[in-house]
Amino acid sequence: MYDRGLSVLEQYGLNVKSSYRGRGALLCQTQVGLVMIREFAGSVKKLQKQWELLRQLEESCPYPVDQILANQEGALVSVDKEGISYVVRKWYEGRECDTRSREDILKGVAALGAVHKCMHLEPDADYFQTSLEEEYERHNRELRKIRKFIRTKRRQNPFEQCYLESVQWFLERGEEALARLRASRYEKLRQEALARGDVCHGEFNQHNVLLWDERPVITNFDKFHYDVQVADLYCFMRKILEKNAWSQELAKEMIECYGQAYEMTDIQYENLKIRFLYPEKYWKLANYYYNHNKAWVSEKNIEKITKLISAKNAWHDLGNGL
């Protein structure tokens, strides 16, 4: 099972010198360098679009990105003798961005700005992201629905008790963010981004930024879509800042560093601030609880909601302080 998928490299004319498991895939050293083999069960059409995006970035972006390799027949998906589909990518040996290292963080955000300057494709409505307004409306409804569900229970576990005690405050912040979004120029920003063919990475976080000889490499574009690109910046910043006590100083450094590579307009900056006002982490935790086994809640999730509640003022101050 360790070498599962290895045989597909014959279809690429590649010889394996060594191989090992990592990042949920098989990594192989070959005569052309490191490649990654991973099972594929997605859309071939979207994979083709991703290939186009990555080729474009390889030609125009100053930072490396992973690349999807075509086999000797020109196909991006290869099927082994067992009928299992795989995708092979050019890969890089590197460590993940350290969320506690200011140097790593700023390298990552600078690379994101440079990548965004180059991430534009012919618009394709199949991959347009849902409106943020619709998303916030749905999340707020879900927070209320979960509160109603918990209130009907005779006995509440510690997670549910924490939720009931805290949800009103977070829901008010969610409604505030939605009102701010509706009053902003977001829809104009979104329509202009879609018309230009602005593309987002879709999952830009520390796991997808590798430091290869201390140079950032951006990987895993599988969730790319068309949207306002500041969504990627927000995603990265939120992941980093929640691990750094919602530091306003670090947040401003990240924005400044991003802006040196790709200057934000006033309307984009306005949208970034609104995104930080929405309690996304709280909603994610509540949504996870509601869609999984509610008869037993792990100590880890109880700890998570407790930490979120204790950090709510620091988080809210950051959103208002940007």
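Residues numbered from 1 in each chain as written. Predicted model: local features only at pLDDT ≥ 70, side-chain atom pairs only at ≥ 80, totals over all residues. Heavy atoms only, no water.

A.B. asks: What should I look at first to understand the packing of aromatic side chains in this one?
C.D. replies: The description of an aromatic ring pair rests on the distance of the ring centres and on the angle between the ring planes. All chains considered together, the criterion is met by 14 aromatic pairs. For the ring pair tyrosine 92 and tryptophan 212, a centre distance of 4.8 Å and an interplane angle of 65° mean the geometry is edge-to-face. With a gap of 120 residues between them, tyrosine 92 in the loop between β6 (85-90) and β7 (95-96) and tryptophan 212 in strand β9 (residues 209-212) connect regions that are remote in the sequence. Overall, tyrosine 92 belongs to the buried group, its relative accessible area being 9%. Taken together through their ring pairs, the aromatic side chains of Tyr163, Trp169, Phe170, Tyr282 and Trp315 make up a single cluster. Its end group placed over the ring of phenylalanine 224, lysine 46 keeps NZ or CZ at 4.9 Å from the ring centre. (Phe/Tyr/Trp six-rings, centres within 6.5 Å; stacked < 30°, edge-to-face > 60°. Helix = DSSP H or I, 4+ residues; strand = E, 2+ residues; numbered from the N terminus. Buried < 20%, exposed > 50% of the residue type's maximum accessible area, 1.4 Å probe, protein only. Lys NZ or Arg CZ within 6 Å of the ring centre and 35° of its normal.)

A.B. asks: Can you help me understand the pattern of salt bridges in this one?
C.D. replies: Pairing between side chains of opposite charge can happen when the charged atoms of each approach one another. Tallied over the full model, the rule gives 26 salt bridges. Here glutamate 253 and arginine 102 are joined by a salt bridge, their closest N and O atoms 2.6 Å apart. Within this pair, whereas glutamate 253 is found in helix α7 (residues 248-261), its partner arginine 102 is found in helix α2 (residues 102-118), the two being separated by 151 residues in sequence. For arginine 102, a relative accessible area of 48% gives the class partly exposed. A salt bridge links arginine 182 to glutamate 137, with the shortest nitrogen-to-oxygen separation between them at 2.6 Å. Of this pair, arginine 182 sits in helix α4 (residues 158-183) while glutamate 137 sits in helix α3 (residues 132-151); the two residues are 45 residues apart in sequence, bridging distant segments of the chain. According to the relative accessible area criterion, glutamate 137 is partly exposed, its value standing at 24%. One salt-bridge network, held together by shared partners, links Arg95, Glu103, Asp104, Lys107 and Glu214. (Salt bridge = Lys/Arg side-chain N within 4 Å of Asp/Glu carboxyl O.)

A.B. asks: Can you help me understand the environment of valine 230 in this one?
C.D. replies: Relative to the helices and strands, valine 230 is located in helix α6 (residues 230-241). Along the chain, valine 230 and alanine 125 lie 105 residues apart, while their C-alpha atoms are 19 Å from each other. Not counting the four nearest positions on each side in its chain, valine 230 is found in contact with Met264, Gln268, Asn271, Leu272 and Arg275. (Contact = heavy atoms within 4.5 Å.)

A.B. asks: Would you mind showing me how to read the packing of α2 against α7 here?
C.D. replies: Each pair of packed helices can be described by the angle between their axes along with the distance between the axes. At their nearest, the axes of α2 and α7 sit 8 Å apart, and the two run at 35° to each other. For the pair α2 and α7, the crossing hand works out as right-handed. For the pair α2 and α7, the contacting residues are Arg102, Ile105, Leu106, Val109, Ala110, Leu112, Gly113, Ala114, His116 and Lys117 in the first and Leu250, Glu253, Met254, Cys257, Tyr258 and Ala261 in the second. Residue composition of the contact of α2 with α7, grouped by class: 11 nonpolar, 2 polar and 3 charged. (Axes fitted to C-alpha atoms, helices over the stretch in contact; angles between N-to-C directions. Left-handed = near helix turned anticlockwise from the far one by under 90°. Nonpolar A, V, L, I, M, F, W, Y, C, P; charged D, E, K, R; others polar.)

A.B. asks: Would you mind showing me how to read helix α1 (residues 44-60) here?
C.D. replies: Compared with the 24 Å implied by 1.5 Å per residue over 17 residues, the 24 Å span of α1 between its first and last C-alpha is a close match. Those residues of α1 not exposed but buried are Leu47, Lys49, Gln50, Leu53, Leu54 and Leu57. Within α1, the buried residues cover an arc of 160° as seen down the axis, which keeps them to one side. For α1, exposure combined with an orientation more than 90 degrees from the buried face picks out Val44 and Glu59. Against β4 (67-68), β6, α2, β8 (199-200) and β11 (225-226) lie the buried residues of α1. Structurally, the start of α1 carries an N-cap: the backbone nitrogen of lysine 45 is 3.3 Å from a side-chain oxygen of serine 43. (Expected span 1.5 Å × (residues − 1). Arc of directions from axis to C-beta. Polar contact = N/O pair within 3.5 Å; in protein donor to acceptor, adjacent residues only side chain to side chain.)

A.B. asks: Would you take a moment to explain the side chain of asparagine 140 for this structure?
C.D. replies: Mapping asparagine 140 onto the fold places it in helix α3. Given a relative accessible area of 1%, asparagine 140 falls into the buried group. A polar atom in the side chain of asparagine 140 sits 3.4 Å from the backbone oxygen of glycine 174. Contacts of asparagine 140, omitting those with residues within four sequence positions, involve Leu171, Gly174, Glu175, Leu178 and Tyr278.

This is a description of form; function is not addressed.
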